[in-house]
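Spelled out from the first residue to the last, the chains are:
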Amino acid sequence: MRRSPRRIALLALSTLVGSILVTTGSAGADPMGPSAATTSRSQPEDRESVRLVHIRLTGADMLDKVAAAGFDLEHGLRRVPNGIEGEAVVTAEQVTELTTMGVEVLGDDAGFAWSNEADGGIGIGAAGARAAQPANHDATVRVVRADWFTTKGQGFLYVEARTTEGQQADPIVGMQLENDSGKGTPFGFARTMSRFVDSGQYMFHRNLFKLDVRPNKIKLTSSTGGVATGVVSNWLEDAPPPLTANPSYKSDFVDGYRHPQQLYSRAKEIARQYPDIAEIVYLPNQTNGYQRKAQAQIGGTGQAAVVVTSAAWGHQGGNDITVDFVDRPDANLPLAVQVTGKAVVVLLATDASGAPASTAAEVAEALRTRSAGLIDRAHPYRTNEGTGIVAPTAGPVALTDFLDQKRVGAPEGEVPRGPATIPVLRIGKHRDGKKPGVLIQAQDHAREWVPATTSLESAERLVHNYRSDRETKKIVENTDVFFILSNNPDGANYSFYNFASQRKNMTNHCPDASADPAQRNSWGVDLNRNYRVGSGHDGYAGGSTNCVSGTYQGPGELSEPESKNIIWLVEKYKNIKFMMSVHSNGGQLFWQPGAYIADGRITTPRPPLGDEAFYWQSAARILSQVKAHRETVVTPENVGGSSDVLYSSAGNVREDLYHTYGIYAFGWEVGGSVYNPATGDWQGGSFQPEWDGNPELVSGHAETMEYANGIMEMFRVAADWGRDKKDPTSQLVPGAGRYSGPVDVRFETSEPATIYYTTDGSRPTLESPRYAATEFREPGQVFHVTETTTFNWFSVDSAGNIEKNYDPTKNDKRNNYRTATIRIAKR
Ligand SMILES: [Zn+2]
C-alpha cells in the first residue's frame, strides 16, 4: 500500500473546485462494459490535519448512526459480504469517536485495503492492473441509466447517474453530460445534469434531454473529476407485437365515464352473460355509505354560532329535522327545549331585562341532551368556547345533508344512499385457485375517473375476445383476474354528484373543530394511506393525522371497510400474486419501496434484486403496449419504487400486499403527460379529462384505450409467470480461477432472479446474504476480492424456481448449489 494514492484521494474530496473538468481521457465506471484507463490529474497541495481512513461497518443501522453523528461517509461506500466498507475523512480525534461507535478502522495491511487498482477515477496509473477489473467499483461517478426513446417523431435521452460525493453540501458536486452521435463519433454537446435530493438525501443526478440523433454512448464528468461512460439502451419497444394484431380483436367498448352504479351493474351483467368464465365475488364489508348526517350552523357567527348535526342520516330522517331558536318576552326564564315530531324548538333563556341570555355552549348542550334523540352532535363553531349569546332564528331552520345539492354537470339519475356492497368481477376459465390471480383495483381515489374506465375496458376485452382471439384465450385460461372497478363508490358518487375533486371516502372521523358543514368537502379517509406496512402510524412519511387533509390516514390501520376488504380478498384467494392499484394522473408505474421515514429517508425494505429485475422487465412489457396505442411514453424517471420516483406514501396498499403476502404489487398513475410535437412540450393530464378531448393529447377516451393495453399485457405477464417452470441459471463473472492480484467479481443471472450466497464455505440457505444492487436502481454489486474466497450460491427466479433444483431448506445429500473459488496469489 502506497501513500500517494491516499493523499490524492483525500484531496480530491477536500478541494472540490467546481467545474474543474480536467480529465483528459475517459475513465471511471461503465457498468455496461469494460472500463478504460485512467489519466492523471494535477495534485493540489497537501493538508496535515485530517486523513482518509478505510472503515468497515456492520450494516445499514450502523451507517445511519455514523452518518447521523455527522460523518461524511458518502465517499466510496460499498457493500461487502460482512457489512459495508467505505472511507471517511477524519481527524485523529474522530478516529477514536468512530471506534467507540463500533466502527472498525482498518489498517494499511488489512485484507481488504485500498490498492492502486481500487482507486478508480482518481488518476494513479497502473492501467495494466485495472484492465483486469471489469467494474470500477470505486469510481466517483456511476451511470445508473442511459435510455433512449422516441415519441411522435421526437427522440429523447434520459440519463440518471450517481456520484459517490453526491451528499456533500459544500461545495455541491456537479455533473456534466456529454453524448456521441452514434457509434465511433466523438463526445460533445456538454450539458449540466440536475441534482436530485429527497428528504435531505442525495438520490442521483438526472435529466431528460430532447435529441435528434440517437447516441451510442454517454460520458459523465463530476466537478471533482470523476468520469464514467455508459452505453445507451432503448427504453420500451418501438413496435411491440401488438395485442390488437388479430383483425378480429375487439376493443373500444367503453364510451364515456361511468359512476359506480354503472360500473357495478355492468360487472354483474358480464357475469350473467359469460357464466363459463366470469362470476361476481361480493366483498364482505359494506362501505360506510354515500350518506351524510343533516346539519346546520345557526344562532349567529363566531362565539354565538351553534353547529347542529342530526343523529339520523339525512336520507333516513335527518333532512326532515328543523331547529328553531325562539326568544320570549318575559325576564329570567330558563333555557328549554320542546320537541314536536321532527321540529326542535329551543326556548332561549332570558336575563333580568328579558333579553336572550343563552350562550352557544349552553344551547349546544341542551340540544345534545334534550332533543329526544334527534340531535346527537351540537357544539360551538370550530375551536370556539361558545361564549357568545345566541340570537333567535327568523323561523325553523331545516337541517340538510347537502347531498341533494348536485354539482353543475353531474350525471342525471338516482344515486342510492347508504352503504354499498362492492362486487368484484372475477374472470378466468379455471377459477379454482390454481392459476395466478391478478387483482386490478381502481379508484381508491374518488376523483380519478379514468382508472375505472380503463379497468372496465380491460374486462370487456377479456370476455369479448375470449372465443375469437388466441392471445386473449390464453390469458383467460391461464389467469384468474379480480376486477374492483371502483374501490371507493361513496367518494366516487360524491365526486360525480357533489364535489368533483373528492379524493377520499365519505367517512367523517373529524372532531367538533372540523365538523361544521363548511368543511364537508375535506372529510374522509385516504384509502391508500390506511394500510399496515410502512404506515403513518409507524412513523412513515406521506400520511396525515389531520382529518381534513387530503392524505388523512384514518384513526387506525385498516380502519376503513374498503381497505379491510382488500385484505380479506387476498387472504381468501391466496392465488392472487399480482396487483395493480390503478390511479390517475401522472404517467408513472410504481412498485416498492413506496414509503420512508423522513428522518434519514429510511425506506421500507427494498425488493431483492430478482424482484426488482422482474418489476423492471414487466414494466417494460406493460409500457411498450401502452406506447403501441398512440406513442404515449411513460418515461423511465417515472418508473420504479414510488418513494424513489415520486414521494413517500405511508400505508399504501402496495406496500402491504407485497411485504405481507409476497404479491407483486404495482401502482399506476395513468394519464400522464403526452408529448405535443406542435409545441415541443409535454402536455399534462388531469383527473377528469374531457372524454372526447383531442385524441392525440389529453382525452379520457384515448387514455382508457392505451392503458387498457397495458393491463392486458400485465395479464400476459402473470400467465407467463404461472407457466414458468424453468430453473434460472447464474454465474460468477469472472469465474473460478487463479488471479495474480485482487479481482472484482459479480453475479449474472439468465433471467430476473435473486441470489443467496456465502463466502465462508458454508451451505447457502434462504437465510444467507442476498446479492444486492450496488445502490438502488443500479445493477448488482461488485465484490472486490483480495484473498482467496469460495462463493457458494443458488438463484431463485420470480416464479420461485430454484437453480439446479437445489433445496436450500434441508440439508439434502446432493448439495447441488453452485460454487466457485477465486484464488488470489499471495503478494
Ligand atoms: Zn390516486
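Residues numbered from 1 in each chain as written. Predicted model: local features only at pLDDT ≥ 70, side-chain atom pairs only at ≥ 80, totals over all residues. Heavy atoms only, no water.

A. Quick peek at the coordination of the zinc ion. Within the first shell, the zinc ion binds the protein through H445 (ND1), E448 (OE), E448 (OE) and H583 (ND1), at distances of 2.0 to 2.5 Å. In this structure, the zinc ion is surrounded by four donor atoms whose angles at the metal cover 56 to 142°, and the resulting shape is irregular. Going along the chain, you hit the donors of the zinc ion in the pattern H-x2-E-x134-H. Of this pair, E448 sits in the loop between β23 (437–442) and α7 (450–465) while H583 sits in strand β25 (residues 576–584), and the two are 135 residues apart along the sequence. H583 carries the same exposure label as E448, and that label is buried. (Donors = N, O, S within 2.8 Å, 3.2 Å for Na, K, Ca; no water. Tetrahedral: all angles 85-135°; square planar, octahedral: opposite > 155°, others 65-115°. Helix = DSSP H or I, 4+ residues; strand = E, 2+ residues; numbered from the N terminus. Buried < 20%, exposed > 50% of the residue type's maximum accessible area, 1.4 Å probe, protein only.)

B. Main features of the state of the cysteines. All chains considered together, the criterion is met by one disulfide. Across a sulfur-sulfur distance of 2.1 Å, C510 and C547 are joined as a disulfide pair. A torsion of 115° about the S-S bond marks the disulfide between C510 and C547 as right-handed. Within this pair, whereas C510 is found in the loop between α9 (489–497) and α10 (561–572), its partner C547 is found in the loop between α9 and α10, the two being separated by 37 residues in sequence. (Disulfide = S-S within 2.5 Å.)

C. Focus on the packing of helix α11 (residues 609–630) against helix α14 (residues 700–723). Packing of α11 against α14 leaves a shortest axis separation of 8 Å and a crossing angle of 145°. By crossing handedness, the relation of α11 to α14 is classed as right-handed. A per-class count over the contact of α11 with α14 returns nine nonpolar, five polar and seven charged. (Axes fitted to C-alpha atoms, helices over the stretch in contact; angles between N-to-C directions. Left-handed = near helix turned anticlockwise from the far one by under 90°. Nonpolar A, V, L, I, M, F, W, Y, C, P; charged D, E, K, R; others polar.)

D. Layout of the sheet that holds strand β12 (residues 227–231). If you trace the four strands from one edge of the open sheet to the other, you get β8-β7-β11-β12, paired in antiparallel fashion. A strand with exactly one partner marks an edge of an open sheet, and here the two such strands are β8 (188–192) and β12. The average undirected angle you get between the axes of adjacent strands in this sheet is 20°. Bridge count for strand β7 (residues 175–179) against β8 is three bridges, and the pairing is antiparallel. Bridging from a neighbouring strand, N179 pairs with G188 of β8. (Pairing = 2+ DSSP bridges.)

E. Fine view of the environment of S181. Within the secondary structure layout, S181 lies in the loop between β7 and β8. Judged by its relative accessible area of 32%, S181 is partly exposed. Separated by 37 residues in sequence, S181 and I218 place their C-alpha atoms 9.5 Å apart.

F. Summary view of the environment of S522. Mapped onto the elements, S522 comes out in the loop between α9 and α10. Judged by its relative accessible area of 28%, S522 falls in the partly exposed class. The spatial distance from the C-alpha of S522 to the C-alpha of R503 is 8.9 Å, given a sequence separation of 19 residues. Once residues within four sequence positions are removed from consideration, S522 is found in contact with K504, C547 and V548. (Contact = heavy atoms within 4.5 Å.)

G. The pairing of β25, seen in detail. Where burial is concerned, most of β25 is hidden: eight out of the nine residues are buried. In terms of strand pairing, β23 meets β25 through six bridges, oriented parallel. If you follow G437 over to β25, its bridge partner there is I576. Sheet analysis places β25 next to strand β30 (residues 664–670), joined by seven bridges and oriented parallel. Bridging across to β30, M579 finds its partner in A665.

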